[in-house]
Amino acid sequence: MKTLHLDLGERSYPIHIGRDLLGRNDLIAPAVSGTQVMIVSNETVAPLYLAKTQAAFSDYQCESVILPDGEQYKNLPTLDSIFETLLSHHFDRHCTLVALGGGVVGDMTGFAAACYQRGVPFIQIPTTLLAQVDSSVGGKTGVNHPLGKNMIGAFHQPRAVIIDTDTLNTLDDRQLSAGLAEVIKYGLIQKDDFSCWLEQNMDKLLARDPDYIAEAIETSCQCKADVVAADEKEAGVRALLNLGHTFGHAIETGTGYGNWLHGEAVAVGMLMAADLSMREGWLTPNDVKRVEDLIDRANLPTRAPASMHYKRFMELMAVDKKVRAGKINLVLYRALGDAFVTDEFDPAKLEQTIEAHRAISNDQE
Ligand code: NAD
Ligand code: GLY
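What you are looking at is a predicted structure, and each value in this text was computed from that prediction instead of being measured.

Peer 1: Can you walk me through the overall build of the protein in this structure?
Peer 2: Helix and strand content of the protein: 13 helices and 11 strands. Taking 21 Å as the expected radius of gyration for a compact globule of 365 residues, we find that the protein reaches 20 Å, a close match to that expectation. With respect to the three principal axes, the spread of C-alpha positions in the protein is 60 × 40 × 40 Å. Sequence-distant contacts, at least 24 apart, represent 76% of the contacts inside the protein between residues at least 6 apart. For the protein, the accessible area works out to roughly 14500 Å², and carbon and sulfur atoms hold 49% of it. Taking the 33 positively charged and 49 negatively charged side chains of the protein as two groups, their mean positions are separated by 4 Å.

In structure tokens form, the structure reads like this:
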């Protein structure tokens, strides 16, 4: 097992990465406060991992709440079902919540913990690659609104992140690829040497070689922990972690939550950001090809849905947390491994980028 640390003063916490960690009471106990523990999971993950996870909490009053599975349920009514279970079991303000699942369960559990009795502790036990490399670390929690993705939420840091890489054995290939999109993101924003490593080892990652998967998770979590430690509330550098997300969130909202996976939408978005950066003269055509090849080799889409024309993108991108005084800010590239946030791009070039990366027909998506 390897343990990384996210350094946030009194809210610092460990990120444990290793095999067979689910039932490890020694990892969990230091992060639990009080005697009451509520494990939040969903109908897919609970049959696989709930019993093993509960074993680590045998010294506590341990209850569980099982949510429906899907991005379309990441909303306020589902959140309310968590509050209802907490209240019906008389959980007090010293209880601890545990998120057992992917990013959807993690974001909702964290937000429930941020709100319940004005804030209780929580632990992240992420079970998808995407959640293990990104969403479980950094304390962004929340739910979607029909008009905008992740628009209702709070910053609330977990007490610990426990990444059991064995849980990836039951994840399907499409979800593994979606997680690889966020892995690729770290190389593209800050670490071109990591992009080179991914170019060399993508086949091993797709084949789920445990050593290479563990290395990708460690590098990603270290990168995320460094960025969050420097800028917890996204006043500056943390915005870079949104590379591809303004385009991606528009695709997710525009196609109906749950149809495009978050990682798939982000993958197309990272390519669109590269294409726009090339049109602005910052990247070369060869750079853009590198981004496209990496995304394609991870079995991720390189074209947005045919239905997502320029006007639809612009409507949806206007509802983005990086919008300032009505202006869209995008994460673009000065070079590969050197991303930055800017609102200074030519709208005509943005339109060209969107139209050039839209599938011609639905078959192409
Ligand atoms: P997800 O939570 O929907 O999980 C994907 C699917 O895999 C689900 O059907 C889930 O039930 C299933 N699953 C989970 N673990 C499994 C396992 N071990 N074996 C088999 N099936 C398993 O999706 P996700 O990709 O994990 O997360 C996407 C969400 O994360 C989005 O809502 C996105 O907005 C959010 N997100 C948040 C942050 C953040 O910083 N908070 C960062 C990135 C993404
Ligand atoms: N996934 C973006 C962030 O955590 O800031």
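Let us keep going from here.
Peer 1: Got a minute to help me understand the side chain of S136 in this structure?
Peer 2: Along the polypeptide, S136 turns up in the loop between α5 (129-135) and β7 (140-145). Within the structure, S136 has its side chain in polar contact with the backbone oxygen of A131 (distance 2.7 Å). Apart from the residues lying within four places of it in its own chain, the contact partners of S136 are Q124, P126, A131, P158 and V161.

Peer 1: Is there a simple way to explain the site of ligand 2 in this structure?
Peer 2: In the vicinity of ligand 2, the contacting residues are D134, K140, K224, E234, R238, L241 and N242. The separation between an oxygen atom of ligand 2 and a polar side-chain atom of R238 is 2.8 Å. Considering ligand 2 on its own, with 200 Å² of exposed area, one finds that the protein chains cover 90% of that surface.

Peer 1: Where do I start with the site of ligand 1 in this structure?
Peer 2: Lining the immediate surroundings of ligand 1 are 27 residues, of which D69, E71, T127, T128 and T170 lie closest. Within the side chain of D107, a nitrogen or oxygen atom sits 3.0 Å from a nitrogen atom of ligand 1. Here a nitrogen atom of ligand 1 and a side-chain polar atom of T170 are 2.7 Å apart. For ligand 1, the accessible surface in isolation is 860 Å², of which the surrounding protein chains cover 90%.

Peer 1: Could you clarify how one ought to interpret the nonpolar core in this entry?
Peer 2: Among the nonpolar cores identified, the biggest contains 75 residues, and I15, I184, I217, F247, F313, Y333 and L350 are the most heavily contacted of them. Element by element, the count of residues in this core is highest for helix α10 (residues 262-279), at 10 residues. When residues no more than four places from it in sequence are discounted, the contact partners of I217 are I17, L129, Q132, V133, I163, T165 and L168.

Peer 1: What am I meant to see in the packing of helix α3 (residues 76-88) against helix α4 (residues 103-115) here?
Peer 2: In a pair of packed helices, the angle between the axes and the distance between the axes together describe the arrangement. Two elements in contact, α3 and α4, have axes separated by 10 Å at closest approach and are oriented at 55°. When the axes of α3 and α4 are compared, the pair comes out oblique. The handedness of the crossing between α3 and α4 comes out as right-handed. Contact residues: α3 offers T78, L79, I82 and F83, while α4 offers M108, F111, A112 and C115. Partitioning the contact of α3 with α4 into residue classes produces 7 nonpolar, 1 polar and no charged.

Peer 1: Would you explain the pairing of strand β4 (residues 61-67) in this entry?
Peer 2: Residues in a regular strand project their side chains so that they alternate between the two faces of the sheet. In this structure, strand β3 (residues 36-42) lies alongside β4, joined through 7 bridges in parallel fashion. Residue pairing in the sheet places Q36 in a bridge with Q61 of β4. Handedness of the β3-helix α2 (residues 46-55)-β4 crossover: right-handed.

Peer 1: What should I look at first to understand the sheet that holds β4 in this one?
Peer 2: Think of a sheet as strands paired side by side through backbone hydrogen bonds, with each pair either parallel or antiparallel. One open sheet accounts for 7 strands, arranged β1-β2-β9-β6-β5-β3-β4; its pairing is mixed. What marks the edges here is a single partner per strand, and that holds for β1 (2-6) and β4. Strand-to-strand twist across the sheet, computed as the mean angle between neighbouring axes with direction ignored, equals 15°. Note: strand β5 (residues 96-101) against strand β6 (residues 122-126), 5 bridges, orientation parallel. Each bridged residue has a counterpart across the sheet, and for L100 the counterpart in β6 is I125. Here α2 sits on the sheet in contact with β3, β4, β5 and β6, set at roughly 165° to β3. Contacts between α3 and the sheet are confined to β3, β4 and β5, with β4 contributing the most and set at about 155° to the helix.

Peer 1: How do you make sense of the pattern of salt bridges when you look at a structure like this?
Peer 2: When the charged atoms of two side chains with opposite charge come close together, those side chains can pair. Throughout the structure, instances matching the rule amount to 24 salt bridges. One salt bridge connects K74 with D107, and the closest N-O pair in it is separated by 2.8 Å. Note that K74 is positioned in the loop between β4 and α3 and D107 in helix α4, a separation of 33 residues in sequence. Of the two residues, K74 and D107, both sit in the buried class. Ionic pairing is found between E355 and R358, a salt bridge with its closest N-O pair at 3.0 Å. Taking relative accessible area as the criterion, E355 reaches 33% and is therefore assigned partly exposed. One connected set of salt bridges, linked through shared partners, spans D134, E182, K185 and K224.

Peer 1: Help me out: how do you make sense of helix α12 (residues 310-317) in this one?
Peer 2: In an α-helix there are 3.6 residues to a turn, and that puts residues three or four apart on one side. Within α12, burial applies to Y310, F313, L316 and M317. Seen end-on, α12 carries its buried residues on one side only, within an arc spanning 135°. Buried residues along α12 sit in contact with α9 (245-254), α10 and α13 (347-356).

Reading guide: rules and limits
Residues numbered from 1 in each chain as written. Chains lettered and ligands numbered in written order. Predicted model: local features only at pLDDT ≥ 70, side-chain atom pairs only at ≥ 80, totals over all residues. Heavy atoms only, no water. Helix = DSSP H or I, 4+ residues; strand = E, 2+ residues; numbered from the N terminus. Rg over C-alpha atoms; globule rule 2.2 N^0.38 Å. Contact = heavy atoms within 4.5 Å. Areas by Shrake-Rupley, 256 points an atom, 1.4 Å probe, with all protein chains shown as cover. Lys, Arg positive; Asp, Glu negative; His and termini not counted. Charge placed at Lys NZ, Arg CZ, Asp CG, Glu CD. Polar contact = N/O pair within 3.5 Å; in protein donor to acceptor, adjacent residues only side chain to side chain. Near = heavy atom within 4 Å. Core = buried A, V, L, I, M, F, W, Y, C linked by side-chain atoms within 4.5 Å. Buried < 20%, exposed > 50% of the residue type's maximum accessible area, 1.4 Å probe, protein only. Axes fitted to C-alpha atoms, helices over the stretch in contact; angles between N-to-C directions. Parallel < 35°, antiparallel > 145°, perpendicular 65-115°, else oblique. Left-handed = near helix turned anticlockwise from the far one by under 90°. Nonpolar A, V, L, I, M, F, W, Y, C, P; charged D, E, K, R; others polar. Pairing = 2+ DSSP bridges. Right-handed = clockwise from strand over helix to strand, strands pointing away. Salt bridge = Lys/Arg side-chain N within 4 Å of Asp/Glu carboxyl O. Arc of directions from axis to C-beta.

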